[in-house]
Amino acid sequence: MHTAQRIIKNYRRNRLFVCTLCALVTLILTLTVRFISERNLNHRNTVTFANHAVEELDHVLLPLQAGRDVLLPLIGLPCSVARLPLSKHAARLQTVRSVNLVKDGILYCSSIFGYRNEPVRRLEPELPSQESLLLLSTDHSIIKGSPILTQWYPSSADGEDGVLEIVNIELLSSMLLEPQLPQITHASLSVGNRHLLYGQGVVDTLPELKNEKRYQLSSQH
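Residues numbered from 1 in each chain as written. Predicted model: local features only at pLDDT ≥ 70, side-chain atom pairs only at ≥ 80, totals over all residues. Heavy atoms only, no water.

Participant: Summarise the pattern of salt bridges; cite the residues concerned and give the values.
Facilitator: The tally for this structure, following the rule as stated, stands at 4 salt bridges. A salt bridge links D139 to R97; its shortest N-O distance comes to 2.5 Å. Here D139, found in the loop between β4 (133-138) and β5 (147-154), pairs with R97, found in strand β1 (residues 96-103); they are 42 residues apart in sequence, far enough to count as distant. With respect to burial, D139 and R97 carry one shared label: buried. Between R122 and E118 there is a salt bridge whose closest N-O contact spans 3.6 Å. Note on R122: relative accessible area 61%, which makes it exposed. (Salt bridge = Lys/Arg side-chain N within 4 Å of Asp/Glu carboxyl O. Helix = DSSP H or I, 4+ residues; strand = E, 2+ residues; numbered from the N terminus. Buried < 20%, exposed > 50% of the residue type's maximum accessible area, 1.4 Å probe, protein only.)

Participant: Help me get a handle on the pairing of strand β2 (residues 106-110), residues and values and all.
Facilitator: For β2, the tally of buried residues reaches 4 of 5 residues, placing the bulk of the element in the interior. When β1 meets β2, the two strands line up antiparallel, connected through 4 bridges. Residue V102 lies in a different strand from β2, and its bridge partner there is L107. The loop that links β1 with its antiparallel partner β2 comprises 2 residues; one of these, D104, has a positive phi angle of about 55°. Pairing of β2 with strand β3 (residues 114-119), which is carried by 4 bridges, proceeds in the antiparallel orientation. Within β3, the position partnered with I106 by the bridge is P119. In this antiparallel pair of consecutive strands, β2 and β3, the connection spans 3 residues. (Pairing = 2+ DSSP bridges.)

Here's what the structure looks like:
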């Protein structure tokens, strides 16, 4: 009698153990699948977010490259002659704040201000340059402190002549870089060694990561 009760007791204990083990395995598998699924979804959302931002910024910048052949022949013309074509070109691009002509390192004509006599190096220390450059900085003349992209296209071998286009990206970046919580906690645009952070403006260094992972996507243009 005691043997039968012991066998039944062991059977029940083993059955409870097996049931509990199966439940734990099922729970672990379910949580693992859910975790992998959520992680993949978060990654897809991050990739989609970054792709959209890069595509929209390229959409803004590519017309500048396409239009440089129209602007470069204006360099050297009197500002009284060149200003109207500059203003029309800026109006067509819409996102461009100003288009400027530089001769011998001097910014002498602006689509906004007309005739000027300003060393371009005073506005952008990295200019003039023999190479085409895209610079991220802040505006010091029109809307002071607002973020801008500066596109430089040289027209002379020594790089002292060229076209300087100022892109107003403040509104665009506010829409493109707005974080999508909780998956995306921060977003930034990096050009060279400077970074535009959502809600913080242009900075020289990115904030340190805490528990986040950083995903980066580069423009091919």
